Amino acid sequence: MSTIERAEVFVASPGRNFVTLRITTSDGVTGLGDATLNGRELAVASYLKDHLVPLLIGRDPARIEDIWQYLYRGAYWRRGPVTMTAIAAVDMALWDIKGKVANLPVYQLLGGRSRDGVMVYSHASGTDVPSLLDDVARFRDLGYQAIRAQTAVPGIGGSYGVRKGVVYEPASTSLPDEQPWSTEAYLDFAPTYLTQVREKFGFGFHLLHDVHHRLTPIEAARLGKAVEDVRLFWMEDPTPAENQDAFRLIRQHTTTPIATGEILNSIWDVKDLITEQLIDYVRTTVTHAGGITHLRRIFDLAALYHVRTGSHGATDLSPVSLAAAVHVDLTVPNFGIQEYMPHVAETMEVFRTGVTLEKGMLNLSDAPGLGVEYDEKAAERHPYDPRYLPVARRLDGSVHDW
Ligand code: GCO
Ligand code: MG
């Protein structure tokens, strides 16, 4: 029997920080998993190195489900981003190994293709409305079928999701950036620019918007109602999702579809949202929600309640995570959309992947496993670079949800 012989954790910053797990079997087969938790990278690296790797050595890598249950139940302490990201990395690496052993891409092991490609949405943003409209035009020209639109709110000096240069990277190298926030200004402004996007470009593409957890339920209900004519594909994270019940109030007031889940980590965190049909899209990601094994379980529950998938895919997830997401997206019956931001060139020199993009659709090569290779030598040129995500403060100086 082949056994797990080695499990190594790499922390590197090719463009931005990534934590990568590589498992090697006694037959010399390797598997990769993404263990990146933006701004808290070393906590997951330590969880893996100090607590999970010693439990993995000598185990049968083929027993993916059993290892998942052993790590999850065996910890006694349940859920949470650090634990679920560490378990996810192990799970992804084991699926990668299983695919390589079978000489099949992981999506074949998950039941094969349900679709020819995976529709993605890209991120248009602007410091004002004209620059947003230019950015939307650029993504339309590139052939994207779905575009998220975010603009800085006039008068308050910023907002979530506005790119500074070519790349959107909210994490800063010093202490967290402190950014001002005014709910009143945002609520007055957001519907006007979303309307201008539709006025200029029409309805022939999907338009999305991310509220980034900043409203109360009644404020979110007001925004959802105000943008009904814009026919958003979704309004994302309208309110912090720890309180699942809060979504009921939004739901009662608006037909704007709702998406949430990028900061949630387990089926238990989304259970009520799904079974009570309080959301339309579940955005848990393969890296932060327990890997392919657990994500499939969440998506299958969602399918029973007409909830579709919309996996988080920001660049703070590595190309291993994106590849794993696309394997799942190709197979699940209730796929909705996949978030996609291109990684910078330095990242792609370290992670060589078979994921391709054409006309706003992602696809995979037929490489066995996840189809990603990690260049350890290239990674060594980019040491870890500690960073923090920003903090938002209301105009009176008090902390708000970022
Ligand atoms: C999104 C997100 C992200 C997060 C980021 C935090 O919808 O893409 O909200 O960009 O802010 O993942 O690390
Ligand atoms: Mg988001």
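Only a predicted model underlies this, so the values are computations on that prediction, with no experimental measurement involved.

Draft legend 1. Focus on the domain arrangement of the protein chain. Per the domain assignment, the segments making up the protein chain are domain 1 (4-105) and domain 2 (109-366). Counting residues at the interface gives 31 residues for domain 1 and 33 residues for domain 2. Taking both sides of the interface into account, the surface hidden between domain 1 and domain 2 amounts to around 2500 Å²; carbon and sulfur atoms contribute 62%. Taking the shortest distance from any N to any O, the salt bridge between Arg-79 and Asp-269 comes out at 2.5 Å. Summed over the shared surface of domain 1 and domain 2, the result is 13 residue pairs in polar contact (both at pLDDT 80 or more). Sort the elements by how many residues they give to the side of domain 1 that touches domain 2 and helix 3 (residues 81-102) lands first, with 10 residues. Its residues assigned to classes, the side of domain 1 that touches domain 2 comprises 16 nonpolar, 9 polar and 6 charged.

Draft legend 2. Molecular detail of the nonpolar core. Of all hydrophobic cores here, the largest spans 118 residues; its most connected members are Ile-23, Leu-48, Val-90, Tyr-186, Leu-223, Val-282 and Ile-292. Formed jointly, this core draws a minimum of three residues from each of two domains, domain 1 (4-105) and domain 2 (109-366). Each residue touching Tyr-186, except ones within four places of it in the same chain, is listed here: Val-153, Trp-181, Pro-191, His-209, Val-211, Leu-215 and Leu-223. Among the nonpolar cores identified, the runner-up in size contains 9 residues, and Tyr-121, Ala-146, Trp-234 and Ile-337 belong to it.

Draft legend 3. Local environment of unusual backbone geometry. The phi angle at Arg-79 is positive, at roughly 60 degrees, despite the residue not being glycine. With respect to the helices and strands, the residue Arg-79 is situated in the loop between helix 2 (64-74) and helix 3. Although it is not a glycine, His-306 sits at a positive phi angle of roughly 60 degrees. The topology assignment puts His-306 in the loop between helix 10 (291-304) and strand 11 (308-309).

Draft legend 4. Highlighting the sheet that holds strand 3 (residues 30-34). The strand order across the open sheet formed by 3 strands is 1-2-3, and the pairing between neighbours is antiparallel. The strands lining the two open edges of the sheet, one partner per strand, are strand 1 (4-12) and strand 3. The average undirected angle you get between the axes of adjacent strands in this sheet is 20 degrees. Bridge analysis of strand 1 against strand 2 (residues 18-25) gives 8 bridges, and the strand direction is antiparallel. Counted as the bridge partner of Ala-7 is Ile-23 from strand 2. With respect to the sheet, helix 1 (residues 41-56) is in contact with strand 1 and strand 2, its orientation differing from that of strand 1 by roughly 175 degrees. Each of strand 1, strand 2 and strand 3 touches helix 3; the most contacted strand, strand 3, lies at about 150 degrees to it.

What counts and what doesn't
- Residues numbered from 1 in each chain as written.
- Chains lettered and ligands numbered in written order.
- Predicted model: local features only at pLDDT ≥ 70, side-chain atom pairs only at ≥ 80, totals over all residues.
- Heavy atoms only, no water.
- Domains from an automatic or database assignment.
- Contact = heavy atoms within 4.5 Å.
- Buried area = accessible area lost by both parts, 1.4 Å probe.
- Salt bridge = Lys/Arg side-chain N within 4 Å of Asp/Glu carboxyl O.
- Polar contact = N/O pair within 3.5 Å; in protein donor to acceptor, adjacent residues only side chain to side chain.
- Helix = DSSP H or I, 4+ residues; strand = E, 2+ residues; numbered from the N terminus.
- Nonpolar A, V, L, I, M, F, W, Y, C, P; charged D, E, K, R; others polar.
- Core = buried A, V, L, I, M, F, W, Y, C linked by side-chain atoms within 4.5 Å.
- Buried < 20%, exposed > 50% of the residue type's maximum accessible area, 1.4 Å probe, protein only.
- Pairing = 2+ DSSP bridges.
- Axes fitted to C-alpha atoms, helices over the stretch in contact; angles between N-to-C directions.

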